[in-house]
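# Structural overview
Below, each chain spelled out in residue letters.
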Amino acid sequence: MPMTPSLRPKPADALAVLAVVVLAGALLLLTWGRETGGALTAEICVDGQAAETVRLDRLSGPEERTLTANGYTLTLTLFPDGAEMTHADCPTQDCVRTGRVTRPGQSIVCLPARVSVTLAGSAEDGVDAVLG
């Protein structure tokens, strides 16, 4: 009959668990409430080139921008908390169907016109997801 190894926890196992808990707590304290990059901005690109960067927190209300590129006319509405493509004469209308974007990293893209609007910076709430 072969001998099976003992699977009981050892004192060194408790030290390893304690080290992981201390490290997780230290990382939590370092990152808790940290600003992720300044005010929310909208970067408008036409044909892959930056055409305009707008700081959204400086807007007092909605502002419209008319963009003309590659034979298409688009109406972009900028808000203090995001952006929305409200009208486009392109055939697919994907940019209009995207709706309002309000979080950093989100973007609106019109492929026929080769126009993109990307949000960067930090949002006010700072919450990506809640688990549990």
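Fair warning: this is a prediction, and the values are worked out from it, not measured in the lab. (Residues numbered from 1 in each chain as written. Predicted model: local features only at pLDDT ≥ 70, side-chain atom pairs only at ≥ 80, totals over all residues. Heavy atoms only, no water.)

## Some words on the sheet that holds strand β6 (residues 107-110)
Judged by pairing direction, the sheet is antiparallel, and its four strands sit side by side in the order β2-β1-β7-β6 without closing on themselves. Both outer strands of the open sheet, β2 (49-55) and β6, are each paired with one neighbouring strand and no more. Ignoring which end each strand starts from, the neighbouring axes of this sheet average 15° apart. The pairing of strand β1 (residues 41-46) with strand β7 (residues 115-120) spans six bridges and is classified as antiparallel. Pairing of Ile44 across the sheet is with Val117, part of β7. (Pairing = 2+ DSSP bridges. Helix = DSSP H or I, 4+ residues; strand = E, 2+ residues; numbered from the N terminus. Axes fitted to C-alpha atoms, helices over the stretch in contact; angles between N-to-C directions.)

## Notes on the side chain of Arg65
In this fold, Arg65 is placed in strand β3 (residues 63-69). For Arg65, the side chain forms a polar contact with the side chain of Glu52, separated by 3.1 Å. In terms of polar contacts, Arg65 uses its side chain to reach the side chain of Glu63, at 2.8 Å. Contact partners of Arg65, with chain neighbours within four places excluded, come to Glu52, Val54, Leu74, Thr75, Leu76 and Leu78. (Polar contact = N/O pair within 3.5 Å; in protein donor to acceptor, adjacent residues only side chain to side chain. Contact = heavy atoms within 4.5 Å.)

## A few points about the sheet that holds strand β5 (residues 82-88)
Spatial ordering of the open sheet is given by β3-β4-β5, a layout of three strands whose pairing is antiparallel. One side of each edge strand has no neighbouring strand; the edge strands of this open sheet are β3 and β5. Adjacent strand axes in the sheet meet at a mean angle of 25°, parallel and antiparallel pairs treated alike. In this structure, strand β4 (residues 72-79) lies alongside β5, joined through six bridges in antiparallel fashion. Looking at β5, one finds that Leu76 is bridged to Met85.

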